[in-house]
Protein chains: 2
Amino acid sequence: MPEGLEVLVGGKVDPSFGKVITFGLGGKLVELLEDVAIRVLPVTEDDIRAMIREIKGYRLIRGYRGEPPKDEEALVQVIAKMASQFAEDPRIQEFDLNPIVVYEKGISVVDARIIVNDTPAPGTARLNIEVPPEIFYPNSIAVIGASASPHKVGYSILRNLLSFPGNLYPVNPVRTELFGRKTYPSVKDIPGPVDWAVIAVPARLVPEVMKECGEKGVRLAIIVTAGFREIGGDGVALEEKIVEIARRHGIRITGPNCLGIMMPHQGINATFDPVSPRAGDVAFVSQSGAIITTVVDWSLPEEFGFSSVISVGNQADLGFEHYLRFAEQDPATRSVALYIEEIQDGRGFMEIVRQVADRKPVVAVKSGSSRKGRVAASSHTGSLAGSYDVYIAAFRQAGVIPARTLRDAFNLAELLASEGYPQGNRAIAITSAGGFAVLASDYAEAHGVDMVDLPEDVFRELNAFLPPYWNHANPMDIIGDADATRFAALFDVLIRHQDFWDIAFVIAVPTTLADPAHIANEIVRFSRNTDKMVVGCMLGGDSIRSGLRILRSCRIPNFSELEDAFKAVGNILRVRTAPSGEQHRLPHDDRCPGGGR
Amino acid sequence: MPEGLEVLVGGKVDPSFGKVITFGLGGKLVELLEDVAIRVLPVTEDDIRAMIREIKGYRLIRGYRGEPPKDEEALVQVIAKMASQFAEDPRIQEFDLNPIVVYEKGISVVDARIIVNDTPAPGTARLNIEVPPEIFYPNSIAVIGASASPHKVGYSILRNLLSFPGNLYPVNPVRTELFGRKTYPSVKDIPGPVDWAVIAVPARLVPEVMKECGEKGVRLAIIVTAGFREIGGDGVALEEKIVEIARRHGIRITGPNCLGIMMPHQGINATFDPVSPRAGDVAFVSQSGAIITTVVDWSLPEEFGFSSVISVGNQADLGFEHYLRFAEQDPATRSVALYIEEIQDGRGFMEIVRQVADRKPVVAVKSGSSRKGRVAASSHTGSLAGSYDVYIAAFRQAGVIPARTLRDAFNLAELLASEGYPQGNRAIAITSAGGFAVLASDYAEAHGVDMVDLPEDVFRELNAFLPPYWNHANPMDIIGDADATRFAALFDVLIRHQDFWDIAFVIAVPTTLADPAHIANEIVRFSRNTDKMVVGCMLGGDSIRSGLRILRSCRIPNFSELEDAFKAVGNILRVRTAPSGEQHRLPHDDRCPGGGR
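As a convention, each chain's residues are numbered from 1 in the sequence order in which they are written. Starting at A for chains and at 1 for ligands, labels are handed out in the order in which the entities are written. Under the rules for a predicted model, residues below a pLDDT of 70 receive no local features and side-chain atom pairs below 80 are neither given nor counted, while totals for whole chains, interfaces and linings still include all residues.

Caption draft 1: Summary view of the overall build of chain A. The way it works is that DSSP assigns letters per residue, a run of H or I at least four long becomes a helix, a run of E at least two long becomes a strand, and they are numbered from the N terminus. The helix and strand inventory of chain A stands at 18 helices and 25 strands. A compact globule built from 597 residues would reach a C-alpha radius of gyration of about 25 Å, and chain A, at 27 Å, matches this within 12%. Taken along its principal axes, the extent of the C-alpha atoms in chain A is 80 × 70 × 40 Å. Our exposure labels follow a C-beta count within 10 Å of each residue's own C-beta, placed from the backbone: buried means 20 or more other C-beta atoms, exposed means 12 or fewer, and partly exposed covers the counts in between. In chain A, buried positions account for 51% of the 597 residues. Considering only intrachain contacts with a sequence separation of at least 6, the fraction spanning at least 24 residues in chain A is 72%. C-alpha atoms define the radius of gyration in this analysis, and the globule rule sets the expected value at 2.2 Å times the number of residues to the power 0.38. In this description, any two residues whose backbone-derived C-beta atoms lie within 7 Å of each other are considered to be in contact.

Caption draft 2: The arrangement of the relation of the copies chain B and chain A in detail. Mapping chain B onto chain A calls for a rotation angle of 180° and an axial translation of 0.0 Å; the resulting RMSD is 0.1 Å. The symmetry that links the two subunits is that of a two-fold axis. Mapped onto chain A, 100% of the interface residues of chain B are again interface residues, and the two copies thus contact each other with one and the same surface. A residue counts toward the fit only if its pLDDT is at least 70 in both copies, and the copies are then superposed by least squares on the C-alpha atoms of those residues.

Caption draft 3: Quick look at the pairing of strand β15 (residues 268-271) of chain A. Residue and element names in this part refer to chain A. Of the two faces of β15, the one holding I268 and A270 and the one holding N269 and T271 are both buried throughout. When DSSP finds two or more bridges between two strands, those strands count as paired. Two elements, strand β14 (residues 260-263) and β15, share four bridges in a ladder whose sense is antiparallel. Residue M262 lies in a different strand from β15, and its bridge partner there is N269. Once β14 ends, the chain turns through four residues before running back antiparallel as β15, passing G267 with a positive phi of about 70°.

Caption draft 4: The arrangement of the sheet that holds strand β7 (residues 140-144) of chain B in detail. All names here are of chain B. Spatially, five strands are ordered β8-β7-β11-β12-β13 in an open sheet, and the strand pairing comes out parallel. The sheet is open, and its two edges are formed by β8 (167-171) and β13 (252-254), each paired on a single side. Averaged over all pairs of adjacent strands, the angle between strand axes in this sheet comes to 20°, irrespective of strand direction. Bridging between β7 and β8 involves five bridges; their strand directions are parallel. Following the sheet pairing, V143 is matched in β8 by P170. A fitted line through C-alpha atoms represents every axis, and for helices the fit uses only the stretch in contact; the resulting angles, taken between N-to-C directions, go from 0 to 180 degrees.

Caption draft 5: Looking closely at the interface of chain B and chain A. Taken residue by residue, the interface counts 55 residues in chain B and 55 residues in chain A. For the side of chain B that touches chain A, the secondary structure elements donating two or more residues are α1 (28-33), α3 (58-62), α8 (289-302) and α13 (434-446) of chain B. A total of ten residues in the side of chain B that touches chain A trace back to one element, the largest contributor, which is α8(B).

Caption draft 6: Here's a closer look at helix α17 (residues 545-553) of chain A. Residue and element names in this part refer to chain A. Of the residues making up α17, those classed as buried are G547, L548, I550 and L551. Buried residues of α17 fall within an arc of 160° about the axis and therefore sit on the same side. In the core, the buried residues of α17 are packed alongside α16 (516-528) and β25 (533-538). Positive backbone phi, approximately 55°, marks R555, located one or two places after α17. In this description, the arc belongs to the directions extending from the helix axis to the C-beta atoms.

Caption draft 7: Spatial organisation of the sheet that holds strand β11 (residues 196-199) of chain A. All names here are of chain A. Taken in spatial order, the five strands make up an open sheet running β8-β7-β11-β12-β13, and their pairing is parallel. Either end of the sheet is taken by a strand with one partner, and the two such strands are β8 (167-171) and β13 (252-254). Within this sheet the neighbouring strands show an average axis-to-axis angle of 20°, counted without direction. Two strands pair when backbone bridges link them, and β11 and strand β12 (residues 220-223) are joined in this way by four bridges, in the parallel orientation. Bridge assignment links V198 to a residue of β12, and that residue is I222. Running over the sheet, helix α5 (residues 153-161) touches β7 (140-144), β8 and β11 and is turned about 160° from β7.

Caption draft 8: Unusual backbone geometry, seen in detail. Note the cis peptide between A:G255 and A:P256, where omega equals -5°. Residue placement: A:P256 occurs in the loop between β13 and β14. Going from B:N98 to B:P99, the amide bond is cis rather than trans, its omega being 0°. Position of B:P99 among the secondary structure elements: in strand β4 (residues 92-102). Phi at B:I479 is positive, roughly 80°, even though this residue is not glycine. Looking at the element boundaries, B:I479 is found in the loop between β23 (476-477) and α15 (484-496).

Structure follows, in structure tokens:
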């Protein structure tokens, strides 16, 4: 066998996403360093090309240090052939082409192992009937288990719903009135139609309540009660029973074992969370109620708003896919943030989220990356791909932007809600502080954001009004004595020359010479007069607050820690850019008091 | 040549730190992935052992997948011998042992290249006379160039110094009074002694002013004026001139071209920054004035305090080393944060910072990591070590904890000021929210923090009072209905059993059942009654504010984003732990109103 570059390709069945393939260079070191690329099947040849280029060691294939490039196309063909065979043949459970030797011309599969099983595991068949969007815009809500006792969940839910402008019906077997609202012994006693029933009665009573809801014609039951599938045993049976009742009566279920649903634009807080969020652009769908409570509490002083906040609970009926569909068509939603612990039907999820993400950006935090939670590594290639890594690969494949922390997720969701996907990778940065110009370069490189060179004609225009000792480079350091007018003049040049850049980071620091409100107004004007991505980085504390308020009211995102801005943009660029020429962001409405067009 | 594991060792001269060695596995892939370890010489054999173990590929040396281990000790001996020869022989400029083949028994250096130069570059001789600590505690300050015009720097400096309790003397050739203070035409006209002179006159006038200061017996001149070395040409000569005058008269210089010095505990703000920071525990020494202004502005709403804030400017005389010495002995300082753009005398810096860091933790942000700022890579081993990587390696070697962002740096400085170095790597986490328990596991693993198993007797004690469905694992999920009493009882068990853990993360989220002030008081009591590290992670916004205030007043650090807590601790653990048995943190004073011992 002549010498060449060793690579390997493996395939396995992931419990959430089904058949996946992995690609990496050969050798134990690669295994240690986990430099592998993963794709959920099926894949196109272009997917395979991207996969090969994704690994850090790709330069060895392309030709490193003057070596001639290897036969990448032959590799693509072999992987494509094997991948489609694996995808189509239900008997193949696992395969391993290891090593494949890649030459300047041609490749050679030295060893291949294919594990075949004649009784393939049944696919996860899941209820996935379309949900009519109207179901999420109720005219009337009943709270079943409404209570007069402040320590009860049914008290908090009713109190939170007092601001609902539609019809609100407390249901309680003994009370005739709660919070001044007429109260009914059963949902069936309510005179008008009931769209939503929020159910907070003990678990054993839920089946009976669900039957009554069915007779009443309730469309969505939000079951906050716990004690179902999550406790195992009897709980599983109880959950199956309520799903069966729901199906019989055509009721859809959120939960059980959930916090509920908040829709600030509709005045709905159908949860027992002690606080209600502001109305905003981001739909947040979470598999943890405590994380919702924490995020909503955090969002208030941050003045971060939501279009909806949904706690999925056990997902006995409605799941991530349905809420994603709702967010896709909901006019109040401009971007979506997900907190995911586990997805059962990974393929169904990918199919839907891909369509949603084409219209509205989707960001996801996936928990459970630690080794403790993964299956013990086996000795074959596929084992390099722990389940968490498959999730992240699947997210990217479906156009979803992964985030490691909740802060990162909401930073991303806000940026994308405002600015849409960037049209490319070419970035510029503007600052009046030399130290931050250096840090901006550092963070750009660390996160894969490309600081472009400034074109000659832009230099000429800038030199006409910038002080002679400006740094003549990108990031543009326009010197500590810059006032809002100098920023404005620079923005004007960049608006006129928006062909050479895709993303602009505007870094403003506290100074006595530039009023932060003026700078913020100029940033707004800049953002509104280009269809490129403008990222606010006003750094500091109290003295920039007036500027932050203006950015916030015009929905221009701001990053108070510079690296977060580059990290967010880098995360997006790694997944997608807007197809050129396409409308890359939703139009802004006219809520902005400052510098509209 | 029989088959074995290929490694390589290189040596080169770094412009800041002098002779350094690099170690890595052989092969182009390692080069691409930059999996190398770096040390500044001289090194001990233990340093070399640590260096070998630091690379990700080390498992191939230790014996991967059942292979017998390689002869690590022989490798240590060869590296040690080469390193000491390189360190001691001034003629050796560079070397490359590549490859070295390591066997089960013995090693073989296959190829060696040593570049010798008979005229070694002269070492950077730097003025490094000890500074008497008293110099930083002035009784009298003159502001030379004090002004009545609000747009002048000399106006801002004088205004900022009005709160200085010692003698303040404005110096202005035409005014007789400024801000109600008697004003002198020259520093020589001031009746009493003058310890500090803050100089804000035009650059060309500075030499004359310095002479007058010398005659007056000024001890420290803080020259904020710009227009010296940083502009090149005449500026360089001017700077040399003022240094010569200073030396002749025994004046020390801060700056020139700096923002000045703030010492909140002494009521000193000798800068033109529009705001003054709170008094606190952290000394911040920065090579960028704009970064100081931004950080101080940020610190006010965050209620973050400083013992001193020093802008080093051009470091014509005093530099990082002198300010570090001051911070070391200053009783108000509990930890030090540095923002570094460039260090001239890397070795001098390391020698001093190592001693300081043994007494008080030092954290550093180094800017300039981007490739654009690095010398073009050459084809030898040493080129893998870009200058930024040498800085980071040197920091760790000297016990300094590197941070990538300013936020990370201040998080670290605050944590270390309060809790000192952790005694080891064994961590526990406590939360009432399952979602955050999962994320805590994820972040712990990602940042090299070891979540220990709970001992049998601890389980027994916990089971006695925790609800039966607690998760029986670490992170300990003590269930959403936990109140402060349940947290307190758990802390009591952990105080009694503090032999099995070194670091505790306490994760509290907003809930109606637990008053955050009570939880915070219990965290304080926990921290005060153990000598282990306790890390507050109270997450949320407005509703946990009462708790945050208590933690802050007792100087217990809190992380509002969970990953930041694990990242900070992981950063510390990568550099150092407290030697066991040693007093690992400075004693807390009694300012804490809450739960002292």
